[in-house]
Amino acid sequence: MNIYGNSSSVKIGVFYDGNFFLHASNYYNYVHAQRKRLSITGLHNFIKNRVSFEHGIEPKKCHIVEAHYFRGRINAAEASQRGSQLYNDRVFDDILMSEGIHAHYLPLRNLLGRKEERGIDVWLSLEVYELTLKGRLDMIVLIVSDTDYVPLVRKLNTLGLDIMLLSWEFEYYNDEGVRMVTKTSHDLLQLATHPVYMQDVIDKGLEEGDPVIMDLFVSNDVRSGSDDERTKERGEILSIKNGFGFIKFPNNNLFFHYQDVLGDFNELVPGQMVEFTVEKNAMKQDVAKNVKKIDSDIESDFDRLSNTF
């Protein structure tokens, strides 16, 4: 039903809980058969098409006029100890800027030895409510999952705002290889004007070859690392899991995370030779950083040279 009239355009505001979106993207990149990350450009195109479908208006009349991304982030000193983390953060910031998304970061806080976000849900809610009161938005699109956002959605409902909630239910593995399960709050789904169960929409769209759904994914990015003065080691991959792996190395095998791979993590397999540097993590343990696959032709040249000495 078109509630905006034939000539009216729809002003859309998109608001990301960055931690939730990252987990969803990691799920599709490391767990789902698609093995690709979510594309923000593709997601915004999907949102405009979905709003168009829900209200019976042309997609060209659906405009994302506000987009905001909220997330807790570690400080620069900690990021510098995580291989390519600083570079990855900067690349993602470039992506956000290219899409006109305003990034909002708060420092992650230590709570009983764990890094946790504090205040992101409040900040996101305040930003949404302020923009709503200014009359700048016709529809709010929330990419969130926590029950903490229920008061916001209830308040928006009293103001008569259209609320689209993009929800996911998925499994993923954290940095320590622990299996985690994420679900969108049932209360949020009940309160949203237009709940969208993304895992079902995506799986169906991929099966049918829907171009809008296909465009929700980007090709796996390849990061190239610069040479440095740290000693580069070589070793054999012992095992690969969802987002992490182990390399054979004396005296203890070395853990590595997908963010510390120079190239495509999905191309690594057990038994493969890789090049890496040995560094300390936050717990002062030796881990592998700057992990890079050794091409077969380079490896053969290395073996030939080794045999001449």
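Residues numbered from 1 in each chain as written. Predicted model: local features only at pLDDT ≥ 70, side-chain atom pairs only at ≥ 80, totals over all residues. Heavy atoms only, no water.

Visitor: Before we go on, may I ask you to explain the overall build of the chain in this structure?
Guide: Per the secondary structure count, the chain includes ten helices and 15 strands. Burial analysis of the chain (309 residues in total) assigns 42% to the buried set. Within the chain, residue pairs in contact and separated by at least 24 positions form 69% of the contacts whose partners lie at least 6 positions apart. When the accessible surface of the chain is summed, it comes to about 16,500 Å², and 49% of that surface belongs to carbon and sulfur atoms. (Helix = DSSP H or I, 4+ residues; strand = E, 2+ residues; numbered from the N terminus. Buried < 20%, exposed > 50% of the residue type's maximum accessible area, 1.4 Å probe, protein only. Contact = heavy atoms within 4.5 Å. Areas by Shrake-Rupley, 256 points an atom, 1.4 Å probe, with all protein chains shown as cover.)

Visitor: Where do I start with the pairing of strand 13 (residues 254-257) in this structure?
Guide: As paired elements, strand 12 (residues 244-247) and strand 13 share four bridges and run antiparallel to each other. Each residue of the ladder has a partner; that of F246, found in strand 13, is F255. Connecting strand 12 to the next strand, strand 13, in antiparallel fashion are six residues. (Pairing = 2+ DSSP bridges.)

Visitor: I keep staring at the packing of aromatic side chains and nothing clicks. Help me out?
Guide: Think of a pair of aromatic rings as described by two things: how far the centres are apart, and how the planes are tilted against each other in angle. Counting across every chain of the model gives 15 aromatic pairs. Each ring, one from F70 and one from W123, has its centre 5.7 Å from the other, and the planes form 75 degrees; the classification is edge-to-face. Of the two residues, F70 sits in strand 2 (residues 62-73) while W123 sits in helix 5 (residues 120-133), which places them 53 residues apart along the sequence. By relative accessible area, which is 0% here, F70 ends up buried. On the basis of an interplanar angle of 25 degrees and a centroid distance of 5.7 Å, the ring pair of F244 and F255 is categorised as stacked. With F244 in strand 12 and F255 in strand 13, this residue pair connects regions lying eleven residues apart in the sequence. A relative accessible area of 23% places F255 in the partly exposed class. An aromatic cluster of three or more residues is present, and its members are F20, Y27, Y28, W168, F170 and F217. Cation over ring: R73 sits above Y105, and NZ or CZ is 3.8 Å from the ring centre. (Phe/Tyr/Trp six-rings, centres within 6.5 Å; stacked < 30°, edge-to-face > 60°. Lys NZ or Arg CZ within 6 Å of the ring centre and 35° of its normal.)

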